[in-house]
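# Close look at the chain arrangement
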Amino acid sequence: MSDTQANKNYSAENIKVLEGLEAVRKRPAMYIGDVGKRGLHHLVYEVVDNSIDEALAGYCSRIIVVFNKDGSVTVEDNGRGIPVDIHKEEKKPAVEVVMTVLHAGGKFDKGSYKVSGGLHGVGVSVVNALSEWMWVEVKRDGKVHRQEYKIGEPQTDLKTVGTAKKTGTKVCFYPDNNIFKTIGFEYDIISERLRELAYLNKGIEIQLKDERSEDGESDVFKFKGGLSDFVKYLDEHNNPLHNKIITVNREDGEVPVEVALRYGNTYNDNILTFVNNINTIEGGTHLSGFRSALTRAMNNHASKNNLIKTKKNEKITLTGEDFREGLTAIVSVKVAEPQFEGQTKTKLGNGDVKGVVDKVVYEGILDFLEQNPSIGRKIIEKALLAARSRSAARKARELIRRKSALGGSSLPGKLSDCSNRDPVFCELYLVEGDSAGGSAKQGRDRRTQAILPLRGKVINSEKARVDKLLSNNEVQSIITALGAGFGGSEDEFGEKSPGDFDLEKLRYHKIIIMTDADVDGSHIRTLLLTFFYRKMKEVIDGGYLYLALPPLYRVSQGKKESYAYDDNERDLLIERMKKDNKNTKVGIQRYKGLGEMNPGQLWETTMDPEKRTLMKVTVESAAEAAETFQNLMGSDVEARRGFIERNAKFVVNLDV
Ligand code: 0RA
């Protein structure tokens, strides 16, 4: 502790501050989600969010983020600078209060859209408390003011350290190694988010520089087109149905709504929704409003202009699903007091937002289509095609349903089912290939573990229309084995009709994807994740989908053998075996495929509930898998392989 501070009597405020910081350090996950990679990167977002707020208030045009050589991160903006005058209640410079008092951000609320209770917006003091060291420099009133901290505690009073012509805020922090599992920032994670922020807040320049190495990367994100540019970016690999992007931007009323959308040649939709710049992956009331408005506006436009031309005896109603086929859309709203719900607190709950978004988007789309009738015509034509294929799909689904209803042999022939009938205890292994399937079948606990070997190609759910998807043998087997049906159209509230997919009927409460640890394996895993994400998201939401984690190596010494699940572990095992005798022969076998293990080994390493590690698939990771495939569309096979190899890593990032 510095002299100045030691000489001071501890005031009630000081004690309050220390208790606050202590609480953060004791339960960091409560404030930043977790202490893994995600939580670590969250620190940067937290700091950047403050600068974004300043930009949204109209005072800041540029934000610079730097990964420094020493492992710290600097975030600098050209805003007004955090105020430095003495805070009346705390009797300290306002900047010190912001940096050290939990939730002090609110006291300086500029009436903008601060996020309360959501993922972000916990305040920069949380970052400070979780940093080995941190400093802030404020350029304001012609001076540079500086203060330094260690694990959230000021090391000196706020000092003047120079003169300044301009204004701005610069903070630098070094995350605490004792709190975080890892303190290595990943360029790609931060750059993706900064790019997103630059799209969502058009015109703001956000720079990112990696100065940790000589040839470090750098980016400058600044998008005049905002959400339109975002749609173009997401659409990069698709052929657009129309060039011009449909935009809605209505600032009036309590809830500013911004929407950009375009149709492409794909069959799924890609609707990203944001509330106060936070990606609401679980959707919510703004998404409901958008979906309802889209369907109504399109149908209204179609009937007004007599665009639904049917063949004789054909009856077609265009549903929301038809208007979402091939749709890329961004919905961004600002809500003063957002209520976040759902598993990951990324679902907007504010009821009034639905009506606002619905009204604004309905009017906006209708206006656009009236001014661009040729685009309207193309969209309605595409929706008609979608409706016709939906009807074909319904017939295919009926066929599957009828097949399964035909008495005893309802389950797929290649399924080796388990004997237990209580889904809670039952597991289904989706296994790549017949030989691994055979080993799994022999090695399993047949009471609770069912095996479904996947022989043929699993179709890419990202690329195929539903009717085609349902004619794929592997997809059919999975659907019948799970026993919960398939599909059914959601209405704008996200509700399904009876008789379609029903989670209650699911025959297994653990569905485990078990693939080889090679490129083909990761390909199949991605295809399966994409299928579940696109077509049975309920299974992921329910927490029923898992990845098996087979070992990569067998390390043996005489009769002793151990398994390693990554290179690090392998090296540790070798080291341990060689500890007593440097010349000991250690055998290393790299498993390329599950088929190289005998049934006993497969059981012991990958299937035994007592010993195995399963990774639960999260919606985020599955979404990432689906995205991977979107990027693959249209590219050639070689490029595709390269892409898969480079992206196979995402599996490692899954939550355990
Ligand atoms: C409160 C009031 C004012 C500015 C800020 C906060 C501010 C905070 C941060 C955090 C990072 N960069 C920032 N820039 C500004 C404005 C007070 C005034 O000048 O009237």
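Attention here is on the structure that accompanies the text. Remember, predicted model here, so these are calculated numbers, not experimental data.

With 65 residues, the main nonpolar core has Val65, Phe173, Leu194 and Phe230 as its most contacted residues. Excluding its chain neighbours within four sequence positions, the residues that come into contact with Phe230 are Glu196, Tyr199, Leu200, Leu272, Phe274 and Ile330. Of all hydrophobic cores here, the second largest spans 46 residues; its members include Ile400, Leu454, Phe501 and Met536.

Glancing now at the site of the ligand. Lining the immediate environment of the ligand, one finds eleven residues, of which Asn50, Glu54, Asp77, Arg80 and Arg140 sit closest. Contacts to the ligand include Asp77, whose side-chain N or O atom sits 2.6 Å from a nitrogen atom. The separation between an oxygen atom of the ligand and a polar side-chain atom of Arg140 is 3.0 Å. Contact with the protein chains covers 78% of the free accessible surface of the ligand, which is 460 Å². Looking at which element gives the most residues to the shell around the ligand, the answer is helix α4 (residues 37–56), with three residues. Considering only residue class, the shell around the ligand consists of three nonpolar, four polar and four charged.

One open sheet accounts for five strands, arranged β12-β13-β16-β14-β15; its pairing is mixed. The sheet terminates laterally at β12 (246–250) and β15 (278–279), the two strands that pair on one side only. By the bridge criterion, seven bridges tie strand β13 (residues 257–263) to strand β16 (residues 327–333) in an arrangement that is antiparallel. Looking at β16, one finds that Val257 is bridged to Val333. Helix-sheet contacts for helix α9 (residues 285–304) involve β13, β14 (270–275) and β16, and the interaxial angle to β14 is about 130°.

It is worth spelling out the sheet that holds strand β20 (residues 449–454) at this point. With mixed pairing, the five strands of this open sheet are ordered in space as β20-β19-β21-β22-β26. Across the chains shown, the open sheet's two edge strands, defined by having one partner strand only, are β20 and β26 (614–616). When the angles between neighbouring strand axes are averaged without regard to direction, this sheet yields 25°. Strand direction decides the pairing type here: strand β21 (residues 510–514) and strand β22 (residues 545–548), joined by three bridges, are parallel. In the sheet register, Ile513 faces β22, and the bridge partner there is Leu547. This element, helix α15 (residues 473–482), spans β19 (427–432), β20 and β21 of the sheet and lies at about 165° to β20.

Residues Arg62, Lys139, Lys165, Lys166 and Lys209 make up a contiguous surface patch of positive charge. Structurally, the position occupied by Arg62 is in strand β1 (residues 62–67).

Okay, the packing of α9 against helix α11 (residues 351–371) next. At a minimum axis separation of 7 Å, α9 and α11 run at an interaxial angle of 30°. Looking at the two axes, α9 sits roughly parallel to α11. Considering only the axes of α9 and α11, their crossing is right-handed. Of the residues in the contact of α9 with α11, the class split is twelve nonpolar, eight polar and five charged.

One pass over the structure, following the stated rule, counts eleven aromatic pairs. Between Phe67 and Phe185, the ring centres sit 5.9 Å apart and the planes meet at 10°, which makes this aromatic pair stacked. Of this pair, Phe67 sits in strand β1 while Phe185 sits in the loop between β9 (168–175) and α7 (187–200), and the two are 118 residues apart along the sequence. On the accessibility criterion, Phe67 (1% relative accessible area) is buried. Judged by centre distance (3.9 Å) and plane angle (15°), the rings of Tyr199 and Phe223 are stacked. One end of the pair, Tyr199, is in helix α7; the other, Phe223, is in the loop between β11 (218–221) and α8 (227–234), and 24 residues separate them in sequence. In this structure Tyr199 comes out as buried when scored by relative accessible area, which is 3%. Looking at Phe223, the relative accessible area reads 14%, which means it is buried.

This part covers the packing of α15 against helix α16 (residues 519–535). Closest axis-to-axis distance for the α15/α16 pair is 12 Å, and the angle between their directions is 55°. By the criterion of interaxial angle, the relationship of α15 to α16 is oblique. The way α15 lies across α16 gives a crossing that is right-handed. In contact with Val475, Ile478, Ile479 and Leu482 of α15, α16 contributes Leu528, Phe531 and Phe532. When its residues are assigned to classes, the contact of α15 with α16 shows seven nonpolar, no polar and no charged.

Let us look at the pattern of salt bridges. Across all of its chains, the model carries 33 salt bridges by this definition. With a shortest N-O distance of 3.1 Å, Glu462 and Arg534 are connected by a salt bridge. Residue Glu462 is found in the loop between β20 and α14 (466–470), and its partner Arg534 is found in helix α16; the two are separated by 72 residues along the sequence. Connected via shared salt-bridge partners are Arg250, Lys359, Glu363 and Asp367.

Next up on the list: α16. With 17 residues, α16 extends 24 Å between its outermost C-alpha atoms, agreeing within 8% with the 24 Å of an ideal straight helix rising 1.5 Å per residue. Counting buried residues along α16, 13 of its 17 residues qualify, which places the element largely inside the surrounding structure.

The rules we used
Residues numbered from 1 in each chain as written. Predicted model: local features only at pLDDT ≥ 70, side-chain atom pairs only at ≥ 80, totals over all residues. Heavy atoms only, no water. Core = buried A, V, L, I, M, F, W, Y, C linked by side-chain atoms within 4.5 Å. Buried < 20%, exposed > 50% of the residue type's maximum accessible area, 1.4 Å probe, protein only. Contact = heavy atoms within 4.5 Å. Near = heavy atom within 4 Å. Polar contact = N/O pair within 3.5 Å; in protein donor to acceptor, adjacent residues only side chain to side chain. Areas by Shrake-Rupley, 256 points an atom, 1.4 Å probe, with all protein chains shown as cover. Helix = DSSP H or I, 4+ residues; strand = E, 2+ residues; numbered from the N terminus. Nonpolar A, V, L, I, M, F, W, Y, C, P; charged D, E, K, R; others polar. Pairing = 2+ DSSP bridges. Axes fitted to C-alpha atoms, helices over the stretch in contact; angles between N-to-C directions. Patch = residues over 30% accessible without salt bridge, like charges linked within 9 Å, V, L, I, M, F, W, Y side chains within 5 Å. Salt bridge = Lys/Arg side-chain N within 4 Å of Asp/Glu carboxyl O. Lys, Arg positive; Asp, Glu negative; His and termini not counted. Charge placed at Lys NZ, Arg CZ, Asp CG, Glu CD. Parallel < 35°, antiparallel > 145°, perpendicular 65-115°, else oblique. Left-handed = near helix turned anticlockwise from the far one by under 90°. Phe/Tyr/Trp six-rings, centres within 6.5 Å; stacked < 30°, edge-to-face > 60°. Expected span 1.5 Å × (residues − 1).

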